[in-house]
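Coordinate analysis (summary)
Chain by chain, the residues run as shown.
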Amino acid sequence: MKARIRLFKIIDPIFQSLLFMVFTYAIYSVPPYELSYRVPFVILMLWQLFSALAHLSFKRVTKLKQQRKYHLSVFSVFLLIYFIYSVFIPEQFVEDRVPDGTVQIPLYSMVLAAIGLGVCFWYSIICFREIRRILNKAQHLDN
C-alpha cells in the first residue's frame, strides 16, 4: 500500500472523530431546537461521502471496500431523504416546557439527525476496522 493512501486511511477516522466531537458539542452547547447542529452534521456527512468515494477509487479490492459500497448505497438513500425533507417537507414541531417557557423542537430534523448519526457511526466503524487491519499487518511485518 502506498504511503499516501495509508496516511489517508489513518487520518480519515481521526478527522471523523473530531467532527463527531464538534457535532456532539453543538448539540449540547445550544439547545437542539435552534438547529445549530446542522452545520457540523452536514460537514460530517459530506466528509464521509468524500472518504467513501476516495476509498472506492483505490484499486485494491478488500472486504471493507465491499462494506463501503453497501454503506454508500444506504448513505445515498439517506442523503436523498434528508435533503428532500429539509427542502420540500414542512417541519413539524413538538412543544416542550422549560423553565424559561415553552419551546418548539423540530421533530423531523431530530429524527433524521439521529438516523444520520447512526449511518455516520457505521462508516466510522468501517474506517477504524481498516486502521486495525493496517496496524496488525504492520505488526506482523515487524515480527
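Our structure's up above, just so we're on the same page.
The following paragraphs examine the structure supplied in this document. All values derive from a computational prediction rather than experimental measurement.

A word on the state of the cysteines. By the definition in use, this model includes zero disulfides. The thiol sulfur of cysteine 120 is not disulfide-bonded, and the nearest other cysteine sulfur, from cysteine 127, lies at 11 Å. The exposure class assigned to cysteine 120 is buried, which follows from its relative accessible area of 0%. According to the relative accessible area criterion, cysteine 127 is buried, its value standing at 2%.

Quick look at the nonpolar core now. Core analysis: the largest hydrophobic core is formed by 13 residues, its most contacted members being Phe41, Leu44, Met45, Phe75, Phe78, Tyr82 and Cys120. Counting residues per element, the ones that place at least two in this core are helix H1 (3–29), helix H2 (38–57), helix H3 (63–88) and helix H4 (107–142). Ranked by the residues each element gives to this core, the list is headed by H3, at four residues.

Before going further, it helps to examine the pairing of strand E1 (residues 93–98). Pairing between E1 and strand E2 (residues 101–106): six bridges, direction antiparallel. Residue pairing across strands places arginine 97 opposite threonine 102, the latter belonging to E2. Between E1 and E2, which follow one another and run antiparallel, lie two residues.

Our focus in this paragraph is the packing of aromatic side chains. Scanning all chains against the criterion turns up eight aromatic pairs. Aromatic pair phenylalanine 8 and tryptophan 47: ring centres 6.4 Å apart, planes at 50°, arrangement tilted. Residue phenylalanine 8 is located in helix H1, and its partner tryptophan 47 is located in helix H2; the two are separated by 39 residues in the primary sequence. Looking at phenylalanine 8, the relative accessible area reads 19%, which means it is buried. Among the aromatic side chains, those forming a connected cluster through ring pairs are Phe8, Phe15, Trp47 and Phe50.

In total, this model carries three salt bridges according to the counting rule given. Where glutamate 130 meets arginine 68, a salt bridge forms, and the shortest distance between an N and an O atom there is 2.8 Å. Taken as a pair, glutamate 130 in helix H4 and arginine 68 in helix H3 lie far apart in primary sequence, 62 residues in all. Summarising the burial analysis for this pair, glutamate 130 and arginine 68 share the class buried.

Calculation notes
- Residues numbered from 1 in each chain as written.
- Predicted model: local features only at pLDDT ≥ 70, side-chain atom pairs only at ≥ 80, totals over all residues.
- Heavy atoms only, no water.
- Disulfide = S-S within 2.5 Å.
- Buried < 20%, exposed > 50% of the residue type's maximum accessible area, 1.4 Å probe, protein only.
- Core = buried A, V, L, I, M, F, W, Y, C linked by side-chain atoms within 4.5 Å.
- Helix = DSSP H or I, 4+ residues; strand = E, 2+ residues; numbered from the N terminus.
- Pairing = 2+ DSSP bridges.
- Phe/Tyr/Trp six-rings, centres within 6.5 Å; stacked < 30°, edge-to-face > 60°.
- Salt bridge = Lys/Arg side-chain N within 4 Å of Asp/Glu carboxyl O.

By themselves, these are just geometric observations and shouldn't be taken as functional.
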